[in-house]
Amino acid sequence: MTSLAEHAQPEPVLFRELGRPRELFANIGPNWYASIMGTGIVANAAATLPHWSAALRVPATVVWVFATVMLLALLFATVVHWVRHTERARGHAANPVAAQFWGAPPMALMTVGAGALSIGSGILGTSAGLTIDYVLWTAGTVFGLFTAAWIPYKMMTSHRIAPDSAFGGWLMPVVPPMVSAANGAALIPHIADPGLRTTMTLGCYAMFGISLFATLCLIPQIWQKLVHHKTTAAAAVPTMWIVLGPLGQSVTAANLLGKAAPAALPAPYGKAAEVFGWFYGIPVWGFAMLWLVIAAAVTIRTLRSGMPFALTWWAFTFPVGTCVTGSSALAARTGAGLFADASLVLYVFLVFAWAVVAVRTMRGSLRGELLRPA
């Protein structure tokens, strides 16, 4: 039975889970930038599809604009968060789980930047799209190289890490250099100076290596944790999908760099780079598909027993999007229908996952559930 007071003062619909309006910005951590990554990749991946058509251009442009607006809004919210909740903001890096998601902001910047060139140039013009991409790629690359060293350093020196602590989020800080390599490949043809073009290409391959070898160190630990300690909290299960991120993005980077290399590297290295993209990409794509099947099976099993919604659900989007771009890159390089069909199937799943997670995030944000201080 409800009281008269409850009838007289109904609970507000917006932000009803927040105790005070000031709490609106209290829980804006770096993990929120995963929503921009997941939204932006929906637009960017569409532009890479072998069957890309004018029918997809308008919706892809709308999604990219939405991601751009989200980025601007979240950057503003982050500034407010640091000003009003400075201690909480600083505390993210000290938390062994929250710290991993410092890899999301640089990837969000580069995702929107890449869309500015591939999608946004249709409404902004090539010059403006290229300028935006250069700026966001540079900012994301510098930030991403920092997180790739900073967070592992924190893990090695100050974080308390239990034997069963490994999870997919450990990959977040080290993936940005791979995103830089993949997105940088699209900038290489626009560099007129031959020396700078070569430097850019070599720099992208170096960042490819940074992320690749860090990933090779971490995935075995995640596999071992899952085998020996099984899945733990249901809300953490979506982070298994993060493993697809460096896998799919490395396939994308290897083939896009291979395409750009002949015009940037002297013979025979340019041709060797093309061959490397082919023979690296296909085996890694195969392992990515294996992991996708395992992650999907674990996710379905967890959903049946109850998996609460959390921002970790955004892991169903960006990592899958990198598999779309990786499949599309292989389709372009090999001409094989297998990869063309796979890219389309994966893209359909990506759009479905994004729609579900975006609606749940919007609903949770408007109610204040996702904005409550942790």
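Before any of the text, the structure's been laid out above.
First, a word on scope: everything that follows refers to the structure included in this document.

What counts as what
- The residue count restarts for each chain, going from 1 along the sequence in the order it is written.
- For this predicted model, a pLDDT threshold of at least 70 governs which residues receive local features, and a threshold of 80 or more governs which side-chain atom pairs are given and counted, while totals over whole chains, interfaces and linings are taken from all residues.
- The basis for every side-chain value is the complete set of heavy atoms in the structure, and neither hydrogens nor water enter the calculation.
- Under the DSSP-based scheme used, a helix requires at least four consecutive residues in state H or I and a strand at least two consecutive residues in state E, with every element numbered from the N terminus.
- It is over C-alpha atoms that the radius of gyration is taken, and the globule rule equals 2.2 Å times the number of residues to the power 0.38.
- Summary of the burial criterion: residues with accessible area below 20% of their type's maximum are buried, those above 50% are exposed, and those between are partly exposed, where the area comes from a 1.4 Å probe applied to protein chains only.
- In a helix, the anticipated span is given by 1.5 Å times the number of residues less one.
- As used throughout, the charge tally considers Lys and Arg to be positive and Asp and Glu to be negative, leaving His and the chain termini uncounted.
- Each salt bridge in this description consists of a side-chain nitrogen of Lys or Arg and a carboxyl oxygen of Asp or Glu lying within 4 Å of one another.
- Note on contacts: a residue pair qualifies if any of its non-hydrogen atoms lie within 4.5 Å across the two residues.
- Ring pairs shown here join Phe, Tyr and Trp side chains whose ring centres sit within 6.5 Å, with only the six-membered ring taken for Trp; geometry is labelled stacked below 30 degrees between planes, edge-to-face above 60, and tilted in between.
- Sitting over a ring, as applied to charges here, requires NZ of Lys or CZ of Arg to be within 6 Å of the ring centre and within 35 degrees of the ring normal.
- Working definition: the arc comes from the directions between the helix axis and the C-beta atoms, pointing outward to the latter.
- The axes are straight lines fitted to the C-alpha atoms, using for helices just the contacting stretch, and the angles between their N-to-C directions are given from 0 to 180°.
- Two helices crossing with the near one rotated counterclockwise from the far one by less than a right angle form a left-handed crossing, whereas a clockwise rotation gives a right-handed crossing.
- Three residue categories are used. Nonpolar comprises Ala, Val, Leu, Ile, Met, Phe, Trp, Tyr, Cys and Pro, charged comprises Asp, Glu, Lys and Arg, and polar comprises the others, including Gly.
- Remark: nonpolar core denotes a set of buried residues (Ala, Val, Leu, Ile, Met, Phe, Trp, Tyr, Cys) joined through side-chain atoms within 4.5 Å.

### Remarks on the overall build of the chain
Broken down by element type, the chain carries 12 helices and 0 strands. In the chain, the order of α-helices and β-strands from amino to carboxyl end is α-α-α-α-α-α-α-α-α-α-α-α. Whereas a compact globule of 374 residues would reach a radius of gyration of roughly 21 Å, the chain reaches 21 Å, a difference of no more than 12%. By residue count, 52% of the 374 residues in the chain fall in the buried class.

### A word on helix 9 (residues 244-260)
For helix 9, which comprises 17 residues, the first-to-last C-alpha distance of 24 Å matches the rise-based estimate of 24 Å (1.5 Å per residue) to within 8%. Burial of helix 9 is extensive: 15 of the 17 residues sit out of reach of the surface.

### Digging into the side chain of Lys-225
Topologically, Lys-225 is positioned in helix 8 (residues 194-229). Despite its burial, Lys-225 remains without a salt bridge, the nearest opposite charge being carried by Asp-164 at 6.4 Å. Those residues in contact with Lys-225 that lie beyond four places of it in its chain are Asp-164, Ala-166, Lys-230, Thr-231 and Thr-232.

### Considering the packing of aromatic side chains
Both the distance between ring centres and the angle between the ring planes are used here to describe each pair of aromatic rings. Within this structure, the stated rule accounts for 15 aromatic pairs. Between Phe-287 and Trp-291, the aromatic rings sit 6.4 Å apart at their centres with planes inclined by 50°, giving tilted as the arrangement. Residue Phe-287 and its partner Trp-291 are located together in helix 10 (residues 269-305), separated by 4 residues, close to a single helical turn. You can call Trp-291 buried: its relative accessible area is 2%. Residues Trp-313 and Phe-316 carry aromatic rings whose centres are separated by 5.9 Å and whose planes lie at 65° to one another, so their mutual orientation is edge-to-face. The exposure classification of Trp-313 matches that of Phe-316, with both residues buried. Three or more aromatic residues link up through ring pairs in this structure, and these residues are Trp-241, Phe-309, Trp-313, Phe-316 and Phe-349. Over the face of the ring belonging to Trp-313 we find Arg-360, whose NZ or CZ atom lies 5.3 Å from the ring centre.

### Let's talk about helix 4 (residues 86-94)
Among all positions in helix 4, only Ala-89, His-92 and Ala-93 are buried. For helix 4, the buried positions fall inside an angular range of 100° around the axis, keeping them on one side. Relative to its buried face, helix 4 has exposed residues pointing more than 90 degrees away, namely Glu-87 and Ala-94.

### Some thoughts on the packing of helix 10 against helix 12 (residues 337-367)
Where helix 10 meets helix 12, the closest approach of the two axes is 13 Å, and the angle between their N-to-C directions is 35°. Our pair here, helix 10 against helix 12, has a crossing hand that is left-handed. Note on element contacts: helix 12 touches helix 10 through Leu-338, Phe-339, Ala-342 and Leu-346, opposite Ile-282, Trp-285, Met-289 and Leu-292. Its residues assigned to classes, the contact of helix 10 with helix 12 comprises 8 nonpolar, no polar and no charged.

### Let's talk about the side chain of Thr-215
Assignment of secondary structure puts Thr-215 in helix 8. By relative accessible area, Thr-215 is classed as buried at 5%. Apart from residues no more than four positions distant in its own chain, Thr-215 is found in contact with Leu-171, Val-174, Pro-220 and Pro-246.

### Points about the nonpolar core
Core analysis: the biggest nonpolar cluster contains 111 residues, and Leu-171 and Trp-241 have the highest contact counts within it. Ranked by the residues each element gives to this core, the list is headed by helix 12, at 10 residues. With sequence-adjacent residues up to four places away left out, Leu-171 is seen in contact with Thr-215, Leu-218, Ile-219, Ile-222, Ile-242, Val-243 and Pro-246.

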